[in-house]
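Observations on the three-dimensional arrangement
Next come the chains, spelled out residue by residue.
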Amino acid sequence: MSDYGQRPRRRGQGELEALVLSALREADGPATAGWVQQRLGGDLAYTTVITILTRLLAKGAVTRERAGRSFAWTPASDHAGLAAHKMRKVLDAETDREAVLASFVTGLDPDDERLLRELLDQPRSDGED
(Lines give C-alpha, C1' and ligand atoms only; values in the text may rest on other atoms or scores of the structure.)
Protein backbone atom coordinates (compact mmCIF):
# COMPACT_ATOMS: atom_id res chain seq x y z
CA MET A 1 0.00 0.00 0.00
CA SER A 2 1.35 3.42 -0.95
CA ASP A 3 2.01 6.22 1.55
CA TYR A 4 0.98 8.74 -1.11
CA GLY A 5 -2.55 8.98 0.26
CA GLN A 6 -1.15 9.78 3.73
CA ARG A 7 0.83 12.86 2.66
CA PRO A 8 -0.57 16.23 3.69
CA ARG A 9 -1.80 18.35 0.85
CA ARG A 10 0.66 20.87 -0.51
CA ARG A 11 -0.23 24.46 0.32
CA GLY A 12 0.11 27.23 -2.25
CA GLN A 13 2.46 30.18 -1.89
CA GLY A 14 -0.37 32.61 -1.11
CA GLU A 15 -1.75 30.36 1.62
CA LEU A 16 1.69 30.00 3.21
CA GLU A 17 2.25 33.76 3.08
CA ALA A 18 -1.11 34.32 4.78
CA LEU A 19 -0.22 31.82 7.52
CA VAL A 20 3.14 33.47 8.16
CA LEU A 21 1.60 36.96 8.23
CA SER A 22 -1.09 35.77 10.60
CA ALA A 23 1.55 34.35 12.94
CA LEU A 24 3.52 37.61 12.85
CA ARG A 25 0.39 39.58 13.72
CA GLU A 26 -0.03 37.44 16.84
CA ALA A 27 3.47 38.30 18.08
CA ASP A 28 3.93 40.90 20.80
CA GLY A 29 6.61 42.57 18.69
CA PRO A 30 9.20 41.67 16.06
CA ALA A 31 9.50 37.87 15.74
CA THR A 32 12.24 35.59 14.48
CA ALA A 33 11.73 33.00 11.75
CA GLY A 34 12.20 30.30 14.39
CA TRP A 35 9.37 31.76 16.45
CA VAL A 36 7.12 31.85 13.36
CA GLN A 37 8.03 28.25 12.57
CA GLN A 38 7.13 27.13 16.11
CA ARG A 39 3.93 29.19 16.10
CA LEU A 40 2.83 27.36 12.94
CA GLY A 41 3.35 24.03 14.69
CA GLY A 42 6.67 23.13 13.09
CA ASP A 43 4.99 21.88 9.89
CA LEU A 44 7.21 24.07 7.72
CA ALA A 45 10.95 23.76 7.40
CA TYR A 46 12.93 26.71 8.77
CA THR A 47 14.28 27.42 5.28
CA THR A 48 10.72 27.53 3.93
CA VAL A 49 9.74 30.10 6.58
CA ILE A 50 12.80 32.20 5.64
CA THR A 51 11.87 31.98 1.94
CA ILE A 52 8.29 33.09 2.65
CA LEU A 53 9.47 35.97 4.86
CA THR A 54 11.92 37.08 2.17
CA ARG A 55 9.14 37.05 -0.45
CA LEU A 56 6.91 39.05 1.88
CA LEU A 57 9.74 41.54 2.39
CA ALA A 58 10.09 41.98 -1.38
CA LYS A 59 6.33 42.63 -1.59
CA GLY A 60 6.50 45.22 1.18
CA ALA A 61 4.28 43.13 3.47
CA VAL A 62 6.87 42.79 6.26
CA THR A 63 9.88 44.66 7.56
CA ARG A 64 12.93 43.24 9.27
CA GLU A 65 15.57 44.39 11.70
CA ARG A 66 18.82 42.82 12.83
CA ALA A 67 18.50 40.58 15.87
CA GLY A 68 21.96 39.21 16.58
CA ARG A 69 23.05 37.10 13.63
CA SER A 70 19.56 36.84 12.15
CA PHE A 71 16.52 39.06 11.71
CA ALA A 72 13.33 39.87 13.57
CA TRP A 73 10.29 40.35 11.32
CA THR A 74 7.23 42.60 11.68
CA PRO A 75 4.12 42.89 9.50
CA ALA A 76 4.26 46.19 7.59
CA SER A 77 0.52 46.75 7.95
CA ASP A 78 -2.73 45.15 8.97
CA HIS A 79 -4.97 43.11 6.65
CA ALA A 80 -6.65 46.22 5.26
CA GLY A 81 -3.32 47.92 4.59
CA LEU A 82 -1.96 44.86 2.82
CA ALA A 83 -5.09 44.55 0.66
CA ALA A 84 -4.85 48.24 -0.23
CA HIS A 85 -1.18 47.77 -1.15
CA LYS A 86 -2.11 44.89 -3.48
CA MET A 87 -4.82 46.99 -5.10
CA ARG A 88 -2.37 49.85 -5.71
CA LYS A 89 0.15 47.43 -7.27
CA VAL A 90 -2.50 46.15 -9.68
CA LEU A 91 -3.53 49.70 -10.56
CA ASP A 92 0.10 50.79 -11.02
CA ALA A 93 0.67 47.93 -13.47
CA GLU A 94 -2.08 49.17 -15.81
CA THR A 95 -1.60 51.81 -18.48
CA ASP A 96 -5.18 53.16 -18.48
CA ARG A 97 -5.73 54.00 -14.80
CA GLU A 98 -8.97 55.86 -15.52
CA ALA A 99 -10.53 52.84 -17.23
CA VAL A 100 -9.44 50.51 -14.42
CA LEU A 101 -10.80 52.80 -11.71
CA ALA A 102 -14.05 53.36 -13.63
CA SER A 103 -14.51 49.62 -14.08
CA PHE A 104 -13.76 49.03 -10.42
CA VAL A 105 -16.28 51.61 -9.21
CA THR A 106 -19.05 50.47 -11.56
CA GLY A 107 -18.51 46.89 -10.34
CA LEU A 108 -19.06 47.79 -6.67
CA ASP A 109 -22.31 46.93 -4.97
CA PRO A 110 -24.35 50.00 -3.96
CA ASP A 111 -23.31 49.90 -0.29
CA ASP A 112 -19.60 49.73 -1.15
CA GLU A 113 -19.99 52.50 -3.73
CA ARG A 114 -21.73 54.70 -1.14
CA LEU A 115 -18.95 53.98 1.38
CA LEU A 116 -16.26 54.81 -1.18
CA ARG A 117 -17.99 58.10 -2.01
CA GLU A 118 -18.19 58.97 1.70
CA LEU A 119 -14.50 58.20 2.16
CA LEU A 120 -13.56 60.31 -0.86
CA ASP A 121 -15.63 63.23 0.47
CA GLN A 122 -13.75 63.26 3.79
CA PRO A 123 -10.96 65.80 4.13
CA ARG A 124 -7.49 64.24 3.99
CA SER A 125 -5.35 64.13 7.13
CA ASP A 126 -2.06 66.01 7.23
CA GLY A 127 0.77 64.02 5.72
CA GLU A 128 -1.34 62.24 3.13
CA ASP A 129 -0.73 62.84 -0.55
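Refer to the structure above for everything that follows.
Treat the numbers as computed from the prediction; the structure is a model and nothing was measured.

With that out of the way, let us pick up the environment of T32. Its location among the elements puts T32 in strand β1 (residues 31-32). Here T32 falls in the partly exposed class, since its relative accessible area comes to 32%. A sequence separation of 35 residues divides T32 from A67, and the C-alpha atoms of the two residues are 8.1 Å apart. Setting aside its immediate chain neighbours within four residues, T32 contacts F71, A72 and W73. A polar side-chain atom of T32 sits 3.1 Å from the main-chain amide nitrogen of W35.

Each strand in a sheet pairs with its neighbour through backbone hydrogen bonds, running either in the same direction (parallel) or in the opposite one (antiparallel). Within the open sheet, the three strands sit side by side as β1-β3-β2. Their pairing is antiparallel. Of all the strands in the sheet, the pair left with one neighbour each is β1 and β2 (62-67). Relative to strand β3 (residues 70-75), β2 runs antiparallel, the two being bridged by six bridges. Its bridge partner being in β3, R66 is matched across the sheet by F71. Contacts from helix α3 (residues 46-58) reach β2 and β3 within the one sheet, and its direction differs from that of β2 by about 120°.

Put simply, helix α4 (residues 79-92) and helix α5 (residues 97-106) touch, their axes get as near as 9 Å, and they point 135° apart. By the angle class used here, α4 and α5 are oblique. Across the interface between the two elements, M87, L91 and D92 from α4 touch R97, V100, L101 and F104 from α5. Within the contact of α4 with α5, the residues separate by chemical class into five nonpolar, no polar and two charged.

Counting residues in hydrophobic clusters, the biggest one holds 18 residues, and the most contacted among them are V20, L24, L53 and L56. For this core, the secondary structure elements donating two or more residues are α1 (13-26), α2 (33-39) and α3. When residues no more than four places from it in sequence are discounted, the contact partners of L53 are V20, L24, A33, V62 and W73.

Here the focus is the side chain of E17. Positionally, E17 belongs in helix α1. There is a polar contact of 2.8 Å between the side chain of E17 and the side chain of K59. In contact with E17, other than residues within four places in its own chain, are I52, R55, L56 and K59.

Conventions and cut-offs
Residues numbered from 1 in each chain as written. Predicted model: local features only at pLDDT ≥ 70, side-chain atom pairs only at ≥ 80, totals over all residues. Heavy atoms only, no water. Helix = DSSP H or I, 4+ residues; strand = E, 2+ residues; numbered from the N terminus. Buried < 20%, exposed > 50% of the residue type's maximum accessible area, 1.4 Å probe, protein only. Contact = heavy atoms within 4.5 Å. Polar contact = N/O pair within 3.5 Å; in protein donor to acceptor, adjacent residues only side chain to side chain. Pairing = 2+ DSSP bridges. Axes fitted to C-alpha atoms, helices over the stretch in contact; angles between N-to-C directions. Parallel < 35°, antiparallel > 145°, perpendicular 65-115°, else oblique. Nonpolar A, V, L, I, M, F, W, Y, C, P; charged D, E, K, R; others polar. Core = buried A, V, L, I, M, F, W, Y, C linked by side-chain atoms within 4.5 Å.

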